[in-house]
There are 2 protein chains.
Amino acid sequence: MPQISSTLLQRAVDEFAKLPGVGEKTAMRLVLHLLRQEVQDVNQFGQSVMQLRANVKFCKTCHNISDNDVCDICSNPRRDHSLICVVENIQDVMAVENTQQYRGLYHVLGGVISPMDGVGPGDLQIESLLQRAQAEEVKEIILALNPTMEGDTTNFYLYRKLAPLNVGVSVIARGVAQNDELQYTDEITLGRSIVNRTQFAVNM
Amino acid sequence: MPQISSTLLQRAVDEFAKLPGVGEKTAMRLVLHLLRQEVQDVNQFGQSVMQLRANVKFCKTCHNISDNDVCDICSNPRRDHSLICVVENIQDVMAVENTQQYRGLYHVLGGVISPMDGVGPGDLQIESLLQRAQAEEVKEIILALNPTMEGDTTNFYLYRKLAPLNVGVSVIARGVAQNDELQYTDEITLGRSIVNRTQFAVNM
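Residues numbered from 1 in each chain as written. Chains lettered and ligands numbered in written order. Predicted model: local features only at pLDDT ≥ 70, side-chain atom pairs only at ≥ 80, totals over all residues. Heavy atoms only, no water.

(A) Spotlight on the interface of chain B and chain A. Taken together, the contact pairs 52 residues of chain B with 52 residues of chain A. There are zero salt bridges connecting chain B and chain A. On the surface where chain B and chain A come into contact, there are 14 residue pairs in polar contact (both at pLDDT 80 or more). Mapped by element, the contributors of at least two residues to the side of chain B that touches chain A are helix H1 (7-17), helix H2 (24-35), helix H3 (39-55), strand E2 (65-66) and helix H4 (90-99) of chain B. Top contributing element to the side of chain B that touches chain A by residue count: H3 of chain B, with 15 residues. (Contact = heavy atoms within 4.5 Å. Salt bridge = Lys/Arg side-chain N within 4 Å of Asp/Glu carboxyl O. Polar contact = N/O pair within 3.5 Å; in protein donor to acceptor, adjacent residues only side chain to side chain. Helix = DSSP H or I, 4+ residues; strand = E, 2+ residues; numbered from the N terminus.)

If you want it as structure tokens, here you go:
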């Protein structure tokens, strides 16, 4: 990268270049863009991340990101409190919410069991899930972890812990994705989609 | 985009999504990355852009970005003060500096003449260039604008203004770029590279 004639500029570029997927050239482009904005707009930008980091809270029940001690989903009486969907992180909560197909509650594990990365069950929000699962109102735990080796390992671990409790345990369906082409679908997925075929219905 | 359960998070994502080339998904990824950093690191990030915007200065002589009233290049007695390289913006200063082939001074126009974008000569730092060009010590003005329609128009405009003054005017060479393939080079560039061929030398 070229020498920059301003240490203020250099500092801002260095900070942006620390972001994931942002190289020095992109960092320079973003910083020069901000430099052309009004002072108050740049302050609003800077303050927004600092305030987020300083004041961020996580729901005491489901560990989703929240502005309050209990998140809007957990405190919403119109959600189905008999269902708990277990996900890895807050992005996955958003992804499931985005489907508009789920009206139950969530539980954010904060990761999956991964011995390679040094993540064991004790590093995840598993104890609090087991406590929630014992509540009278909870009927079903839906495991919605990523379909990976680590996700499957975590699913199995959770199943063994949940099985003795008086609660149903389900796992999200696997199969061919919308608009996938069968000839390019891996054999595990395609095989599973045949074994787990469902009764044909006009409105799938 | 999914509904986000935190207005603080939503605000930060919205701010990032205003950056050029950053969509909402990328914005979310960057903000969630910052959320995992230490409070002091996030503050350092936010402060860096706000301080840059609040305290940025531009060199009174060449209009390059600078921490002082006169930039390091203009105030450096070891630079060649008889040469002024005219560029469009501060990124171009960095690009030329990066070549390590130029030891003269710069003049940042702040754009090029572009009637389509409503940019006329009066919007650019042309008056101050003409004043600098009249100084005794200045021998040559090097026009290093982008090889585009607007760049060429601006080159021509500057040439007409500079010609009456007692100063040389040159323009950066155009021709085939390093590692270009001739068969894919446009005919204007290739034609010009033949017309403006130079004497062969072992060390180009």
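(B) Representation of the relation of the copies chain B and chain A. The two copies are related by a screw operation: chain B maps onto chain A through 180° of rotation and 0.0 Å of translation along the axis, at an RMSD of 0.1 Å. In symmetry terms, the pair is related by a two-fold rotation axis. If distances are taken from each C-alpha of chain B to the rotation axis, the shortest is found for Gly 46 of chain B, at 2.1 Å. Of the residues that chain B buries at the interface, 100% are likewise interface residues in chain A, meaning the two copies contact each other through the same surface. (Least-squares fit on C-alpha atoms with pLDDT ≥ 70 in both.)

(C) Representation of the environment of Asp 69 of chain A in the model. Residue and element names in this part refer to chain A. On the secondary structure map, Asp 69 appears in the loop between strand E2 (65-66) and strand E3 (80-87). Under the relative-accessibility criterion, Asp 69 is labelled partly exposed at 40%. Distance from Asp 69 to Ser 5, taken between C-alpha atoms, is 47 Å for residues 64 residues apart in sequence. (Buried < 20%, exposed > 50% of the residue type's maximum accessible area, 1.4 Å probe, protein only.)

(D) The environment of Arg 103 of chain B, seen in detail. All names here are of chain B. Within the element layout of this structure, Arg 103 appears in the loop between H4 and strand E4 (104-108). Separated by 19 residues in sequence, Arg 103 and Ile 84 place their C-alpha atoms 9.7 Å apart. If near-sequence neighbours (up to four positions away) are discounted, Arg 103 is found in contact with Arg 78, Arg 79 and Asp 80.

(E) Inspection of the pattern of salt bridges at higher detail. All names here are of chain A. This model, assessed by the stated rule, comprises eight salt bridges over all chains. Put simply, Glu 97 and Arg 79 hold a salt bridge, and the shortest N to O gap is 2.8 Å. With Glu 97 in helix H4 (residues 90-99) and Arg 79 in the loop between E2 and E3, this residue pair connects regions lying 18 residues apart in the sequence. Side by side, Glu 97 and Arg 79 carry an identical accessibility label, which is buried.

(F) Spotlight on the sheet that holds strand E3 (residues 80-87) of chain B. Residue and element names in this part refer to chain B. Read across the sheet, four strands follow the order E4-E3-E5-E6 without closing on themselves; strand pairing throughout is parallel. Edge positions in the sheet fall to E4 and strand E6 (168-171), since each of these pairs with one other strand and no more. The average undirected angle you get between the axes of adjacent strands in this sheet is 25°. Taken together, the four bridges between strand E5 (residues 140-143) and E6 define a ladder with parallel strand orientation. In the sheet register, Leu 143 faces E6, and the bridge partner there is Val 171. Together, E3 and E4 form the strand contacts of H4, whose direction differs from that of E4 by roughly 160°. (Pairing = 2+ DSSP bridges. Axes fitted to C-alpha atoms, helices over the stretch in contact; angles between N-to-C directions.)

(G) Highlighting the pairing of E4 of chain B. All names here are of chain B. Here E4 lies mainly inside the structure; five of its five residues are buried. In terms of strand pairing, E3 meets E4 through five bridges, oriented parallel. Within E4, the residue paired with Cys 85 across the bridge is Tyr 106. Handedness of the β-α-β unit built from E3, H4 and E4 comes out right-handed. (Right-handed = clockwise from strand over helix to strand, strands pointing away.)

(H) Focus on the packing of aromatic side chains. Scanning the entire structure with this criterion turns up seven aromatic pairs over all chains. Consider the rings of Tyr 102 of chain A and Tyr 106 of chain A, whose centres lie 5.2 Å apart with planes at 65°: the pair is edge-to-face. Judged by its relative accessible area of 10%, Tyr 102 of chain A falls in the buried class. A relative accessible area of 1% places Tyr 106 of chain A in the buried class. Both rings, one in Phe 16 of chain B and one in Phe 45 of chain B, keep their centres 6.1 Å apart while their planes meet at 15°; by these two values the pair is stacked. Here Phe 45 of chain B lies in helix H3 and Phe 16 of chain B lies in helix H1, a separation of 29 residues in the sequence. The class of Phe 45 of chain B is buried, set by a relative accessible area of 1%. Joined through ring pairs, the aromatic side chains of Phe 16 and Phe 45 of chain A together with Phe 16 and Phe 45 of chain B make up one cluster. (Phe/Tyr/Trp six-rings, centres within 6.5 Å; stacked < 30°, edge-to-face > 60°.)

(I) Structural context of the packing of H1 of chain B against H2 of chain B. All names here are of chain B. Running from N to C, H1 and H2 point in directions that differ by 125°, and their axes come no closer than 8 Å. When the interaxial angle is binned, H1 and H2 end up oblique. The way H1 lies across H2 gives a crossing that is right-handed. Each of Leu 9, Ala 12, Val 13, Phe 16 and Ala 17 in H1 lies in contact with H2, whose residues at this interface are Glu 24, Ala 27, Met 28, Leu 30, Val 31, Leu 32 and Leu 34. Here the contact of H1 with H2 is composed, by residue class, of eleven nonpolar, no polar and one charged. (Parallel < 35°, antiparallel > 145°, perpendicular 65-115°, else oblique. Left-handed = near helix turned anticlockwise from the far one by under 90°. Nonpolar A, V, L, I, M, F, W, Y, C, P; charged D, E, K, R; others polar.)

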